[in-house]
Amino acid sequence: MLRMIGAILILCGAGGFGIGKAVQFYRQLHTLRECCNALEILKCELNYTLMPLPRICRTTASRVKGPAAQFLLLYADKLDNGLPRTKAAAQSLEEARGLTLPNDAQMALLELFEGLGRYDLDGENRLLQMTMLRLNAAVERCETDKKPLAKSYAALGICTGLALVILMV
């Protein structure tokens, strides 16, 4: 009886790990789309209002949801506290809960938020446009990779659990 319970726990644990990794791909895609929406709103706010950058970030954060909004709020708070843009962007990316992004998307956001407020309006629009292109490329890549990788991780977790159960018995 204890072996049966142990086998079920091992199978559920390994399968749960695989399924958790699969869900992480779906979260990444959702977060990437949120970030793209936030950048569109940020671009509009930047072009049509004359507010300082922390206030623009707060306004944008109020219009989006999820980890992207939390990142923008943290970034605005850190700028208000006197942190340089470079440190504020890096710390905000680390501290924002649920912000699961691929490395290239993280680098694109870091470069954007390190450069915002440094250039004139045309330069900032070009920077925003380049970042949006990079994030859209990451969304497309994530969409094509998500389904096969998610299935692979789920199957790998369950098969690993089965292998451990067979070795245990």
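What comes next concerns the included structure. (Residues numbered from 1 in each chain as written. Predicted model: local features only at pLDDT ≥ 70, side-chain atom pairs only at ≥ 80, totals over all residues. Heavy atoms only, no water.)

A short note on helix H5 (residues 103-115)
Now for step 1: Taking 1.5 Å as the rise per residue, H5 with 13 residues should run 18 Å; its terminal C-alpha atoms sit 18 Å apart, in good agreement.
Now for step 2: Restricting attention to buried positions, one finds in H5 the residues Ala105, Ala108, Leu109, Leu110, Leu112, Phe113 and Gly115.
Now for step 3: Once H5 finishes, glycine 117 follows within two positions and takes phi at roughly 90 degrees, a positive value. (Helix = DSSP H or I, 4+ residues; strand = E, 2+ residues; numbered from the N terminus. Expected span 1.5 Å × (residues − 1). Buried < 20%, exposed > 50% of the residue type's maximum accessible area, 1.4 Å probe, protein only.)

Brief notes about helix H4 (residues 85-95)
Now for step 1: Among all positions in H4, only Ala88, Ala89, Ser92 and Leu93 are buried. The buried residues of H4 occupy one face: seen down the axis, they fall within an arc of 125 degrees. Facing away from the buried side of H4, by more than 90 degrees, are the exposed residues Lys87 and Glu94.
Now for step 2: Buried-residue contacts for H4 involve helix H3 (67-80) and H5. (Arc of directions from axis to C-beta. Contact = heavy atoms within 4.5 Å.)

Comments concerning the packing of H5 against helix H6 (residues 121-168)
Now for step 1: Two elements in contact, H5 and H6, have axes whose closest approach is 9 Å; the angle formed by their N-to-C orientations is 170 degrees. One finds that H5 runs roughly antiparallel with respect to H6. Along this stretch, H5 crosses H6, giving a crossing that reads as left-handed. In this structure, H5 contributes Asp104, Ala105, Met107, Ala108, Leu109, Glu111, Leu112 and Gly115 to the contact, and H6 contributes Leu127, Leu128, Thr131, Arg134, Leu135, Ala138 and Arg141.
Now for step 2: Per-class residue counts for the contact of H5 with H6 are nine nonpolar, two polar and four charged. (Axes fitted to C-alpha atoms, helices over the stretch in contact; angles between N-to-C directions. Parallel < 35°, antiparallel > 145°, perpendicular 65-115°, else oblique. Left-handed = near helix turned anticlockwise from the far one by under 90°. Nonpolar A, V, L, I, M, F, W, Y, C, P; charged D, E, K, R; others polar.)

A word on the pattern of salt bridges
One side chain can pair with another of opposite charge once the charged atoms of both are near each other.
Now for step 1: For the structure shown, the criterion picks out seven salt bridges.
Now for step 2: The partner of arginine 33 in a salt bridge is glutamate 143, and the shortest N-O contact between them spans 2.2 Å. Within this pair, whereas arginine 33 is found in helix H1 (residues 2-48), its partner glutamate 143 is found in helix H6, the two being separated by 110 residues in sequence.
Now for step 3: Using a relative accessible area of 34% as the deciding quantity, one classes glutamate 143 as partly exposed.
Now for step 4: Salt-bridge contacts for glutamate 45 lead to arginine 63; the nearest nitrogen and oxygen are separated by 2.8 Å. Of the two residues, glutamate 45 is situated in helix H1 and arginine 63 in helix H2 (residues 53-63); the sequence distance between them amounts to 18 residues.
Now for step 5: Note on glutamate 45: relative accessible area 11%, which makes it buried.
Now for step 6: Salt bridges sharing common partners tie together Arg58, Asp77 and Asp80. (Salt bridge = Lys/Arg side-chain N within 4 Å of Asp/Glu carboxyl O.)

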